[in-house]
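Breakdown of the fold
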Amino acid sequence: MQKGYWLVAYRKVPDMARVKEYSALLMPVLDKFGARLLVSPASVVTAEEAGAEQTTIVVEFDRYEIALAAYQSDDHKKMLAALGSGVERDFRIAEGV
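Residues numbered from 1 in each chain as written. Predicted model: local features only at pLDDT ≥ 70, side-chain atom pairs only at ≥ 80, totals over all residues. Heavy atoms only, no water.

1. Considering the packing of aromatic side chains
- Tallied over the entire structure, the rule returns four aromatic pairs.
- Taken together, a centroid distance of 4.7 Å and an interplanar angle of 50 degrees make the contact between Tyr 71 and Phe 91 tilted. Of the two residues, Tyr 71 sits in helix H2 (residues 64-72) while Phe 91 sits in strand E4 (residues 88-95), which places them 20 residues apart along the sequence.
- The exposure class assigned to Tyr 71 is partly exposed, which follows from its relative accessible area of 29%.
- Through successive ring pairs, a cluster of aromatic residues spans Trp 6, Phe 61, Tyr 71 and Phe 91. (Phe/Tyr/Trp six-rings, centres within 6.5 Å; stacked < 30°, edge-to-face > 60°. Helix = DSSP H or I, 4+ residues; strand = E, 2+ residues; numbered from the N terminus. Buried < 20%, exposed > 50% of the residue type's maximum accessible area, 1.4 Å probe, protein only.)

2. What to know about helix H3 (residues 74-83)
- Along H3, the residues classified as buried are His 76, Met 79, Ala 82 and Leu 83. Seen along its axis, H3 keeps its buried residues to an arc of 100 degrees; they face one direction. For H3, the exposed residues set more than 90 degrees away from the buried face come down to Asp 74, Lys 78 and Ala 81.
- Its buried side turned inward, H3 meets strand E1 (4-12), helix H1 (16-32), H2 and E4.
- Phi for Gly 84, located one or two positions after H3, is positive at around 80 degrees. (Arc of directions from axis to C-beta. Contact = heavy atoms within 4.5 Å.)

3. A closer look at the environment of Arg 36
- Tracing the chain through its elements places Arg 36 in strand E2 (residues 36-39).
- The exposure class assigned to Arg 36 is partly exposed, which follows from its relative accessible area of 31%.
- Counting along the chain gives 23 residues from Arg 36 to Val 59, while the straight-line C-alpha distance between them is 5.6 Å.
- The residues contacting Arg 36, other than those within four sequence positions of it, are Lys 3, Val 58, Val 59, Glu 60, Phe 61 and Asp 62.

4. Side note on the sheet that holds E4
- The four strands lie next to each other as E2-E3-E1-E4, forming an open sheet whose pairing is antiparallel. If you trace the sheet from one side to the other, it starts and ends with E2 and E4, each paired once. Each adjacent strand pair in this sheet contributes to an overall mean axis angle of 20 degrees, direction not counted.
- By the bridge criterion, seven bridges tie E1 to strand E3 (residues 55-61) in an arrangement that is antiparallel. The residue bridging Tyr 10 from the neighbouring strand is Thr 55, located in E3.
- Sheet contacts for H1: E1, E2, E3 and E4; angle to E1, the most-contacted strand, approximately 170 degrees.
- With respect to the sheet, H2 is in contact with E1, E3 and E4, its orientation differing from that of E4 by roughly 150 degrees. (Pairing = 2+ DSSP bridges. Axes fitted to C-alpha atoms, helices over the stretch in contact; angles between N-to-C directions.)

This is the structure we're talking about:
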């Protein structure tokens, strides 16, 4: 079974307080799914090539299917309300090798 990852880059954040609120709500949900936060919103990001220095989060799950289930869960859907409509993210769920 391959691990699963959430790879999230915040392109537009009009109110960083909303991201912090979402992050605080995120930890209990990640714990519920046995996930590990590998890169936090406070981590340093260095952009290379066509990249942009954006707030970035990386989360590891034991299996890809668990990463999908966590994203689609009612708990996560409720947390999305904390972000509000102004936040724009590039959210990817990837299978590890």
